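# Structural features, examined
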Amino acid sequence: MTNSAPITELPKNLIRQYFDYTGEYFVEHWLIAKQYRGHELVHMIITKIFNNSTSELNILDLGCGTGICGHFLKINSTGSHITGIDISSRMLNIARGCFIQGNPVYNELIHMEMKEFLKQEKNQQYDVIIFAEVLHYLHDFQEELELAKRSTSKKGVIICLIRRKEGEGIDFVNKGDYFRHSESYVQHVAKKINMQISYMSYCKIYGSQVDGILFALQHQQENPKNLT
């Protein structure tokens, strides 16, 4: 995208078409060749927060893609019920092929844009809601996190992995067509939606490349457990 005007939105159809196109080689190109680490980072946070009580968690994986994260969690006995949501039908078809010991990794796989799913999800409560490498397609993700808050159980957690911008604010990277968000922006959003940041750290998303921020949001508690 080379438009000189500030870019604040990526068309959902563009994102859908991109992942429908890349779905077939996504695992080989991103997970193996690029050494994607998002699933490992998400699992680490879940273990920190829930200690030894990870096997019975109700998990929502937003932008689940080919099922990399759900598969890794199940391998590590994390989650009793995992729901996957994705905008790309082709990616979901690959996720449907994820099995462990003859059982599907995901209990449910739903073809839907994640904000639309969260808007309709009024009664279900999840212990873990995952946004791993999906929020960088949004300029402002406050609304998505506010909607996710409604579906997070009292002791639950929202886990996010985003691309990091140094300094302040948000910027758009033309080479890759994605947004980067600063630590101060994350703090601003957490305050706006009245959630506490129980974990935040800088990380590398692909091997030793692509600067990221890994953070966890929880409901305000009288005696917060700070994991940083």
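This report concerns the structure included in the present document.

Scoring rules and cut-offs
Note on numbering: residues in each chain are counted from 1, in written sequence order. pLDDT decides what is reported in this predicted model: residues at 70 or higher carry local features, side-chain atom pairs at 80 or more are listed and counted, and totals for whole chains, interfaces and linings draw on all residues regardless. For the side-chain quantities, the full set of heavy atoms in the structure was used; hydrogens and water were omitted. Only DSSP runs of H or I with at least four residues qualify as helices, and only runs of E with at least two residues qualify as strands; both kinds are numbered from the N terminus onward. By definition, residues are in contact when any of their heavy atoms lie within 4.5 Å. A 1.4 Å probe and the Shrake-Rupley method give the accessible areas. Residues count as covered only by the protein chains that appear here. The working definition used for a salt bridge is a side-chain nitrogen of Lys or Arg within 4 Å of a carboxyl oxygen of Asp or Glu. When accessible area is computed with a 1.4 Å probe and restricted to protein chains, residues below 20% of their type maximum are described as buried, those above 50% as exposed, and intermediate ones as partly exposed. One requirement defines pairing of two strands: DSSP has to find at least two bridges between them. Simply put, an axis is a line fit to the C-alpha atoms, just over the touching stretch for a helix, and the angle between two N-to-C directions goes from 0 to 180 degrees. We define the nonpolar core as a collection of buried residues of types Ala, Val, Leu, Ile, Met, Phe, Trp, Tyr and Cys that are connected through side-chain atoms lying within 4.5 Å of one another. Here a pair means two rings of Phe, Tyr or Trp (six-membered ring of Trp) with centres within 6.5 Å. Their orientation is stacked below 30 degrees between planes, edge-to-face above 60, and tilted elsewhere. Throughout this description, the term charge over a ring refers to an Arg CZ or Lys NZ atom that lies within 6 Å of the ring centre and within 35 degrees of the ring normal.

### Some remarks on the overall build of the chain
Check the secondary structure of the chain and you find eight helices and eleven strands. Counting only contacts in the chain whose residues sit at least 6 apart along the sequence, the fraction spanning at least 24 positions is 69%. For the chain, the exposed area adds up to about 11,300 Å²; of that, 46% sits on carbon and sulfur atoms.

### Brief notes about the pattern of salt bridges
Applying the stated criterion across every chain, the model contains six salt bridges. A salt bridge links Lys-119 to Glu-116; its shortest N-O distance comes to 3.9 Å. Taken together, the residues Lys-119 and Glu-116, both in helix 6 (residues 114-120) and three residues apart, mark about one turn of the helix. Judged by relative accessible area, Glu-116 falls into the partly exposed class, the value being 42%. Residues joined in a network through salt bridges with shared partners are Arg-164, Lys-204 and Asp-211.

### As for unusual backbone geometry
In this model, Gln-101 sits at a positive phi of 50°, which is unusual for a non-glycine residue. With respect to the helices and strands, the residue Gln-101 is situated in the loop between strand 3 (99-100) and strand 4 (103-104). Overall, the relative accessible area of 81% leaves Gln-101 in the exposed class. Residues other than glycine seldom take positive phi values, yet Asn-194 does so here, at roughly 60°. As for its position among the elements, Asn-194 is in the loop between helix 8 (183-192) and strand 10 (195-206).

### With respect to the sheet that holds strand 7 (residues 152-163)
Taken in spatial order, the seven strands make up an open sheet running 5-2-1-6-7-11-10, and their pairing is mixed. Looking at the sheet topology across the chains shown, the edges are occupied by strand 5 (108-111) and strand 10. The mean inter-strand angle of the sheet, taken between neighbouring strand axes irrespective of direction, is 15°. Here ten bridges tie strand 10 to strand 11 (residues 209-219), and the two strands are oriented antiparallel to one another. Paired with Tyr-202 across the strands is Ile-213, a residue of strand 11. With respect to the sheet, helix 7 (residues 142-150) is in contact with strand 6 (126-132), strand 7, strand 10 and strand 11, its orientation differing from that of strand 7 by roughly 155°.

### Considerations on the nonpolar core
In terms of nonpolar packing, the biggest core is built from 32 residues, with Ile-46, Val-128, Ile-130, Ile-159 and Leu-214 touching the most fellow members. Counting only elements with at least two residues in this core, the list comes to helix 3 (38-50), helix 4 (68-75), helix 5 (89-95), strand 6, strand 7, strand 10 and strand 11. Sort the elements by how many residues they give to this core and helix 3 lands first, with six residues. When residues no more than four places from it in sequence are discounted, the contact partners of Ile-159 are Val-42, Ile-45, Ile-46, Val-128, Ile-129, Ile-130, Phe-131, Leu-214 and Phe-215.

### Focus on the pairing of strand 9 (residues 178-181)
Bridge count for strand 8 (residues 170-173) against strand 9 is four bridges, and the pairing is antiparallel. Bridging across to strand 9, Asp-171 finds its partner in Arg-180. Taking the residues that link successive antiparallel strands as the turn, the strand 8-strand 9 hairpin has four residues, and the phi of Gly-176 there is positive, at about 130°.

### Observations concerning the packing of aromatic side chains
A full pass over the atoms with the stated rule returns three aromatic pairs. Arranged with centres 5.3 Å apart and planes meeting at 45°, the rings of Tyr-36 and Tyr-206 form a pair that is tilted. With Tyr-36 in the loop between helix 2 (26-33) and helix 3 and Tyr-206 in strand 10, this residue pair connects regions lying 170 residues apart in the sequence. Summarising the burial analysis for this pair, Tyr-36 and Tyr-206 share the class buried. Seen in terms of ring centroids, Phe-141 and Tyr-185 are 5.0 Å apart; in terms of plane orientation they differ by 85°. Their pairing is edge-to-face. Of this pair, Phe-141 sits in the loop between strand 6 and helix 7 while Tyr-185 sits in helix 8; the two residues are 44 residues apart in sequence, bridging distant segments of the chain. Judged by its relative accessible area of 9%, Tyr-185 falls in the buried class. Here the guanidinium or amino end of Arg-163 rests over the ring plane of Tyr-178, the centre of that ring lying 4.4 Å away. One Lys or Arg, Arg-164, reaches over the ring of Tyr-202 and ends 4.0 Å from the middle of that ring.

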